[in-house]
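One-letter residues, chain by chain:
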Amino acid sequence: MADTQKHEVDAVTGVTTTGHEWDGIRELNNPLPRWWLWVFYLCIAWSVLYWFAYPAWPLVSDYTSGLLGWKSRDAVQTDLAALRSQRAVFAEKLDAASLEQIEANPELLAFARAQGRAAFGDNCAPCHGAGGGGGMGYPNLNDDDWLWGGSLEQIQNTILHGARSADDNTHMGDMPAFGRDGILQRPEILAVADYVRSLSNLQDKPGPKGAAKSEPTPADLAKGKEVFTANCAACHGDEGKGNIELGAPNLTDGIWLYGSDRATVIATITNGRGGIMPAWSGRLDPSTIKALTVYVHALGGGQ
């Protein structure tokens, strides 16, 4: 309980007490500095004025607009309009120039790469990584291995229409589920998996954590080649070099989109693969798509 006592001077600190005591502990009279109090009161006054001047009060289905009529959305639109106005000259030049002309013009190329890098970070990095390095199931854009071609026109076409998207002109080409659909039997799948891996001179390595373990049967490369010729060569080519018209990867270069260990290759043959890339036509304006094309082409693997 608190007792009220006479104000005394504390012997240790030399500060008077307030007269309040709790369990033998006396409260010292150390008020806040006046300047601090005045600043605190001013902040309270400012917050009250802010409530009325700017949007701050939520309503049932709306909010108060504030006496000044300011809205953050309007401010963003104003800033974006100003930015578009600054970029308008170069945007018009990008629209009028071909992709080859953009790369041949140092000024346009610098602008396209800068705009393309920003567009890539906003739209492409979640799948392909901030630097375009890709990941399992998402192609690395820094190497020279392109499922649908790495020329300027091919890259632009892929960005515009995507792969296996809803766009009428999208890239199409799915890998069948040879095992799940009963096209191949298990021994045939094991044989062709070993043959495919041999095209890249791969040795058996442990699969990723959690991957299904494959049977340790001896590799029958002759049987695997026979199965490959009958079922896989139509898309990947007789030598496994791939086909960009179908999005069929090159199986001889050691670059694997989903992994090269035996268990993963067996899973790929068994269940098939068919990643989807959205079509960006209609989502991004033409100048941005051109800038994005030039940026991706310049990452290091453009053909």
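Quick notes on the rules
Just so you know, the residues in each chain are numbered from 1, in the order the chain's sequence is written. Totals for whole chains, interfaces and linings use every residue, but because this is a predicted model, local features are given only for residues with pLDDT of at least 70 and side-chain atom pairs only at 80 or more, for both listing and counting. Computation of side-chain values: all heavy atoms of the structure, hydrogens and water removed. Think of it in three bands: with a 1.4 Å probe and only protein chains considered, a residue is buried below 20% of the maximum accessible area for its type, exposed above 50%, and partly exposed in between. Only DSSP runs of H or I reaching four residues or more are called helices, and only runs of E reaching two or more are called strands; each is numbered from the N terminus. Residues count as neighbours in contact if any of their non-hydrogen atoms are within 4.5 Å of one another. Fitted lines through C-alpha atoms give the axes, limited to the stretch in contact for helices. The angle between two N-to-C directions lies from 0 to 180 degrees. Should an angle fall under 35 degrees it is taken as roughly parallel, and over 145 as roughly antiparallel, whereas 65 to 115 is taken as roughly perpendicular and any remaining angle as oblique. Residues are grouped as follows: nonpolar covers Ala, Val, Leu, Ile, Met, Phe, Trp, Tyr, Cys and Pro; charged covers Asp, Glu, Lys and Arg; every other residue, Gly included, is treated as polar. UniProt positions are given in the numbering used here, feature names are shortened, and annotations may be inferred rather than shown by experiment. When two rings of Phe, Tyr or Trp (its six-membered ring) have centres within 6.5 Å they constitute a pair, described as stacked for plane angles under 30 degrees, edge-to-face for angles over 60, and tilted for the intermediate range. Charges are assigned to positions over rings by a cutoff of 6 Å between ring centre and Lys NZ or Arg CZ, combined with an angular limit of 35 degrees from the ring normal. Residue count minus one, scaled by 1.5 Å, sets the expected span of a helix. The bend reported for a residue corresponds to the angle between axes fitted to the seven residues ending at that residue and the seven starting there. For two strands to count as paired, DSSP must find a minimum of two bridges between them. The domain boundaries here were taken from an automatic or database domain assignment. The term buried area means the drop in 1.4 Å probe accessible area that two parts suffer when joined, counted for both and summed. Within this document, salt bridges are pairs made up of a side-chain nitrogen of Lys or Arg and a carboxyl oxygen of Asp or Glu, the two lying within 4 Å of each other. Under this definition, polar contacts are N or O atom pairs within 3.5 Å; protein pairs additionally need one hydrogen-donor-capable and one acceptor-capable atom, and for neighbouring residues in sequence, both atoms have to be side-chain atoms. Of the two site types, the cavity is a set of points on a 1 Å grid over the protein atoms alone where a 1.4 Å probe fits but cannot get out, and the pocket is an open set with protein on both sides within 12 Å along at least five of seven lines, each lined by residues with an atom within 4 Å of a point. Grid points are joined across faces, edges and corners, and a volume is the space filled by probe spheres set on the points.

## A closer look at helix α10 (residues 262-271)
Stage number 1. Burial runs high along α10: 8 of the 10 residues are buried.
Stage number 2. Within the sequence span of α10, burial applies to Arg 262, Ala 263, Thr 264, Val 265, Ile 266, Thr 268, Ile 269 and Thr 270.
Stage number 3. Those residues of α10 that are buried are in contact with α7 (186-198).
Stage number 4. Just downstream of α10 lies Gly 272, where phi reads positive at about 75 degrees.

## With respect to the packing of helix α2 (residues 72-96) against helix α11 (residues 286-297)
Stage number 1. In the contact formed by α2 and α11, the axes pass within 9 Å of each other and the chain directions differ by 75 degrees. With respect to α11, the element α2 is oriented roughly perpendicular. Touching Ala 91, Leu 94 and Asp 95 of α2 are Pro 286, Ser 287, Lys 290 and Ala 291, all from α11.
Stage number 2. Taken together, the residues that form the contact of α2 with α11 break down as 4 nonpolar, 1 polar and 2 charged.

## A short note on the UniProt feature "domain: Cytochrome c" (unreviewed entry) in the protein chain
Stage number 1. Per the UniProt annotation, the sites labelled "domain: Cytochrome c" (unreviewed entry) are residues 111-200 and 219-300.
Stage number 2. Summarising residues 111-200: 44% helix, 0% strand, and an end-to-end C-alpha distance of 40 Å.
Stage number 3. Summarising residues 219-300: 45% helix, 0% strand, and an end-to-end C-alpha distance of 37 Å.

## A word on the packing of aromatic side chains
Stage number 1. Scanning the model with the defined rule gives 10 aromatic pairs in all.
Stage number 2. With a centroid separation of 5.5 Å and 55 degrees between ring planes, the pair formed by Phe 120 and Tyr 295 is classed as tilted. Residue Phe 120 is located in helix α4 (residues 106-123), and its partner Tyr 295 is located in helix α11; the two are separated by 175 residues in the primary sequence. Neither Phe 120 nor Tyr 295 differs from the other in exposure class; each is buried.
Stage number 3. A network of ring pairs unites the aromatic residues Trp 36, Trp 38, Phe 40 and Tyr 41 as a single cluster.
Stage number 4. A cation over an aromatic ring shows up here: Lys 93 above the ring of Phe 90, its NZ or CZ 5.4 Å from the ring centre.
Stage number 5. When the ring centre of Trp 280 is taken as origin, the NZ or CZ atom of Arg 283, which lies over that ring, is 5.2 Å away.

## Quick word on α2
Stage number 1. The end-to-end C-alpha distance of α2, which contains 25 residues, comes to 34 Å, matching closely the 36 Å that a straight helix rising 1.5 Å per residue would cover.
Stage number 2. In α2, a bend of some 55 degrees at Ala 88 exceeds every other bend along the element.

## What to know about the pairing of strand β2 (residues 17-22)
When a strand is regular, its side chains alternate between the sheet's two faces.
Stage number 1. Pairing geometry for β2 and strand β3 (residues 25-28), over 3 bridges, is antiparallel. Residue pairing for β3: Trp 22 is matched across the bridge by Ile 25.
Stage number 2. Connecting the antiparallel pair β2 and β3 is a turn made up of 2 residues, with Asp 23 showing a positive phi of about 50 degrees.

## A word on the domain arrangement of the protein chain
Interfaces are often sized by the amount of accessible area the parts lose when they come together.
Stage number 1. According to the domain assignment, the protein chain consists of domain 1 (72-170 + 277-300) and domain 2 (186-204 + 214-271).
Stage number 2. For domain 1 versus domain 2, the distance between C-alpha centres works out to 33 Å.
Stage number 3. If you look at the interface, domain 1 gives 12 residues, while domain 2 gives 11 residues.
Stage number 4. Taken over both partners, the interface formed by domain 1 and domain 2 buries close to 860 Å², and the fraction arising from carbon and sulfur atoms is 61%.
Stage number 5. Summed over the three residues of domain 1 that lose the most area to domain 2, namely Asp 145, Leu 147 and Trp 148, the buried surface amounts to 53% of that side.
Stage number 6. Seen at the junction of domain 1 and domain 2, the total is 0 salt bridges.
Stage number 7. If you look at where domain 1 meets domain 2, you find 1 residue pair in polar contact (both at pLDDT 80 or more).

## Looking at unusual backbone geometry
Stage number 1. Phi is positive for Asp 23, close to 50 degrees, though the residue is something other than glycine.
Stage number 2. Within the element layout of this structure, Asp 23 appears in the loop between β2 and β3.
Stage number 3. The backbone of Arg 164 shows a phi angle near 55 degrees, a positive value even though the residue is not glycine.

## Details of the UniProt feature "transmembrane region" (unreviewed entry) in the protein chain
Stage number 1. Under the present numbering, the feature "transmembrane region" (unreviewed entry) in UniProt falls on residues 35-53.
Stage number 2. Across residues 35-53, helical content stands at 100% and strand content at 0%; the span's end C-alpha atoms are separated by 26 Å.

## Brief notes about the layout of surface pockets
Where empty space is left in the structure can be found by rolling a water-sized probe over the atoms.
Stage number 1. In this structure, the second largest pocket spans a volume of roughly 260 Å³.
Stage number 2. Contributing elements (two or more residues each) for the lining of the second largest pocket: α2 and α11.
Stage number 3. Among the elements that line the lining of the second largest pocket, the one with the most residues is α2, at 6 residues.
Stage number 4. The class makeup of the residues in the lining of the second largest pocket is 4 nonpolar, 3 polar and 3 charged.

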